[in-house]
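# Working through the structure, step by step
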Amino acid sequence: MAWQQDAHINENCLAYQNVMCMSCLDSCDASAISFNYQHKIARPSINISACTGCGFCQSSCPTHAISITPIAAENATLEHYEHV
Ligand code: SF4
Ligand code: SF4
């Protein structure tokens, strides 16, 4: 069964409080985290297609702002069709 990640960074992230932090970026060997510099303090986001679900970024985040949840691709597809 194929697996995908449901990955989110919520507003507990220090960047939303105008505090610079890049701990998650340094922890991601898959280069799945990038920062948007259009804000006063750059905000992180996760590229779901590159994320392996290793969880290292969650461990490195001082505010527990990151959630990584594995979902089965087949189930995601089924849920999609159930909502059509
Ligand atoms: S779970 Fe792993 S691969 Fe995914 S964003 Fe976090 S550190 Fe990167
Ligand atoms: S480690 Fe946590 S607080 Fe720091 S930038 Fe990443 S998500 Fe935000």
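All of these numbers come straight from a predicted model, not from anything done at the bench.

Taken together, 14 residues lie near ligand 1, and Cys 28, Ala 30, Cys 51, Cys 54 and Cys 57 sit nearest. Of the residues belonging to the shell around ligand 1, the class tally is 10 nonpolar, 4 polar and no charged.

With that settled, consider the confidence of the model for the chain. Predicted confidence across the chain gives a mean pLDDT of 86, with 82% of residues reaching 70 or more. Note that residues 78–84 has pLDDT below 50 and, in this model, 0 contacts with residues that lie over four places away or in other chains.

This part is about the pairing of strand β3 (residues 43–46). The side chains of a regular strand alternate between both faces of the sheet. Burial along β3 is one-sided: the residues Pro 44 and Ile 46 are buried and none of Arg 43 and Ser 45 is. With 4 bridges joining them, strand β2 (residues 33–36) and β3 adopt antiparallel strand pairing. Looking across to β3, one finds that Ser 34 is bridged to Ser 45. The turn linking β2 back onto β3 is made up of 6 residues.

With respect to the helices and strands, Ile 41 occurs in the loop between β2 and β3. Under the C-beta neighbour-count criterion, Ile 41 is labelled partly exposed, with 15 such atoms within 10 Å. Here the alpha-carbon distance between Ile 41 and Tyr 16, two residues 25 residues apart in the chain, equals 7.7 Å. If sequence neighbours within four positions are ignored, Ile 41 has contacts with Ala 15, Asn 18, Val 19 and Met 20.

The environment of ligand 2 is formed by 15 residues, the closest being Cys 13, Cys 21, Ser 23, Cys 24 and Cys 61. Classifying every residue of the shell around ligand 2 gives 12 nonpolar, 3 polar and no charged.

Cut-offs used in this document
- Throughout, a residue's number is its position along its own chain's written sequence, starting from 1.
- Note on labels: chains are lettered from A, ligands numbered from 1, in written order.
- Totals for whole chains, interfaces and linings use every residue, but because this is a predicted model, local features are given only for residues with pLDDT of at least 70 and side-chain atom pairs only at 80 or more, for both listing and counting.
- By convention here, the C-beta atom is placed from the backbone, and a residue is near a molecule or strand when that atom is within 6 Å of it.
- Ten residues, namely Ala, Val, Leu, Ile, Met, Phe, Trp, Tyr, Cys and Pro, are considered nonpolar, four, namely Asp, Glu, Lys and Arg, are considered charged, and the remaining ones, Gly among them, are considered polar.
- You can read pLDDT as the predictor saying how much it trusts each residue, on a scale of 0 to 100.
- What counts as a contact is two residues whose backbone-derived C-beta atoms lie within 7 Å of each other.
- Backbone-placed C-beta atoms define the burial measure: a residue is buried with 20 or more other C-beta atoms within 10 Å of its own, exposed with 12 or fewer, and partly exposed in between.
- Segments assigned H or I by DSSP are reported as helices when at least four residues long, segments assigned E as strands when at least two residues long, and all are numbered from the N terminus.
- Criterion used throughout: strands pair if DSSP finds at least two bridges between them.

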